[in-house]
Amino acid sequence: MRKIFYLLICALALSTVFSSCSLSTVDGDEEGVFVLQPWFFGHGGVSQRPLTEGSTWRVWSTRFVKFKVVPVRYDESFDDDAFSDDNTPLDVTAYLTVQIQRGKTPELLQKFGENWFENNLRVKFRTLIRGEICKYSMYDLVSNRDCLLNINKTIYEDISKYVKTMNIPVTICSV
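Residues numbered from 1 in each chain as written. Predicted model: local features only at pLDDT ≥ 70, side-chain atom pairs only at ≥ 80, totals over all residues. Heavy atoms only, no water.

A look at the layout of surface pockets
Left-over empty space is what a probe sized like a water molecule reveals as it rolls over the atoms.
Moving on, step 1. There is about 350 Å³ of room inside the largest pocket.
Moving on, step 2. Every residue lining the largest pocket is counted, 16 residues in all, and those nearest its centre are V92, T93, I133, L148 and I151.
Moving on, step 3. Counting residues per element, the lining of the largest pocket draws most heavily on strand β7 (residues 89-100), which supplies 6 residues.
Moving on, step 4. Considering only residue class, the lining of the largest pocket consists of 13 nonpolar, 2 polar and 1 charged. (1 Å grid on protein atoms, 1.4 Å probe; cavity = no way out; pocket = protein on both sides within 12 Å on 5 of 7 lines; lining within 4 Å. Points joined across faces, edges and corners; volume = space filled by probe spheres on them. Helix = DSSP H or I, 4+ residues; strand = E, 2+ residues; numbered from the N terminus. Nonpolar A, V, L, I, M, F, W, Y, C, P; charged D, E, K, R; others polar.)

Written out as structure tokens, the structure is:
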């Protein structure tokens, strides 16, 4: 009777352990990062080895964060938020295409968080857009192609310099 009781306890414990695990999977354009949060033993924090392909099992206390490692486009709209140098309010849509560097997703998560774009690049990008647009007249912004090329070039250089200064492991693809 005692052996059956111990066997039942072991079976219950094993079923609990196996049912509390889950499968973590990434697609070809993603990398996954494990955030270890042990309850009983071990150490926590961001695992420095990203999941780059396939799938693996993780325990219930570990979080799994996915990042796209292909170029991703972020659109920013200004509805009468940006002004030309003659104080004309403008409706402008600008975009920034950014690619996370492969293998650097643990560093990105650890230093800049899950919402790295919103927390670190979005405000800077919007500030650069406003700063460049206010240098030109409404007429130049609407009709002068060289003006738009200069704005794109300046913003691309400035945002790339900012990313390099902050050591954000991303590549600016285009503005």
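Having seen it, we continue.
A closer look at the sheet that holds strand β2 (residues 30-36)
Moving on, step 1. Pairing in this open sheet of 3 strands is antiparallel, and the strands run β3-β2-β5 from one edge to the other. Single-partner strands in this sheet number two, and they are β3 (45-46) and β5 (63-68). (Pairing = 2+ DSSP bridges.)

Some thoughts on a nonpolar patch on the surface
Moving on, step 1. Residues W39, F40, V59 and W60 make up a contiguous nonpolar surface patch of roughly 540 Å² in combined accessible area.
Moving on, step 2. With respect to the helices and strands, W60 occurs in the loop between β4 (55-58) and β5. (Patch = residues over 30% accessible without salt bridge, like charges linked within 9 Å, V, L, I, M, F, W, Y side chains within 5 Å. Areas by Shrake-Rupley, 256 points an atom, 1.4 Å probe, with all protein chains shown as cover. Salt bridge = Lys/Arg side-chain N within 4 Å of Asp/Glu carboxyl O.)

So, the sheet that holds β7
Moving on, step 1. Taken in spatial order, the 3 strands of this open sheet run β6-β7-β8, and their pairing is antiparallel. Looking at which strands have only one partner, the edges of the open sheet turn out to be β6 (72-83) and β8 (170-174). Across this sheet, the average inter-strand angle for adjacent strands is 35°, counted without regard to direction.
Moving on, step 2. Where β7 lies against β8, 4 bridges are found, and the strand directions are antiparallel. For Q99, the partnering residue across the bridge sits in β8 and is T171.
Moving on, step 3. Along the sheet, helix α5 (residues 145-166) makes contact with β7 and β8, crossing β8 at roughly 175°. (Axes fitted to C-alpha atoms, helices over the stretch in contact; angles between N-to-C directions. Contact = heavy atoms within 4.5 Å.)

So, the pattern of salt bridges
Moving on, step 1. A complete count under the given rule lists 9 salt bridges for this structure.
Moving on, step 2. In this structure, K68 engages D29 in a salt bridge whose closest nitrogen and oxygen atoms are separated by 2.9 Å. Here the residue K68 occupies a position in strand β5, and D29 occupies one in the loop between β1 (22-25) and β2, the gap between them amounting to 39 residues.
Moving on, step 3. The salt bridge involving K66 is made with E30; its shortest N-O contact spans 3.9 Å.

Quick word on the packing of aromatic side chains
Moving on, step 1. Enumeration according to the criterion identifies 4 aromatic pairs in this entry.
Moving on, step 2. Their ring planes at 10° and their centres at 3.9 Å tell us that Y74 and F117 sit as a pair that is stacked. Of this pair, Y74 sits in strand β6 while F117 sits in helix α3 (residues 116-133), placing them 43 residues apart in sequence.
Moving on, step 3. Residue classification places F117 among the buried residues on the basis of a relative accessible area of 2%.
Moving on, step 4. Ring geometry for W116 versus F117: centroids 6.1 Å apart, planes at 90°, classification edge-to-face. (Phe/Tyr/Trp six-rings, centres within 6.5 Å; stacked < 30°, edge-to-face > 60°. Buried < 20%, exposed > 50% of the residue type's maximum accessible area, 1.4 Å probe, protein only.)

Describing unusual backbone geometry
Moving on, step 1. Unusually for a residue other than glycine, N87 sits at a positive phi of about 60°.
Moving on, step 2. You can call N87 exposed: its relative accessible area is 62%.
Moving on, step 3. At N167, a residue that is not glycine, the phi angle is positive and equals roughly 60°.
Moving on, step 4. Along the chain, the position of N167 falls in the loop between α5 and β8.

In short, shape yes, function no, at least from these values alone.
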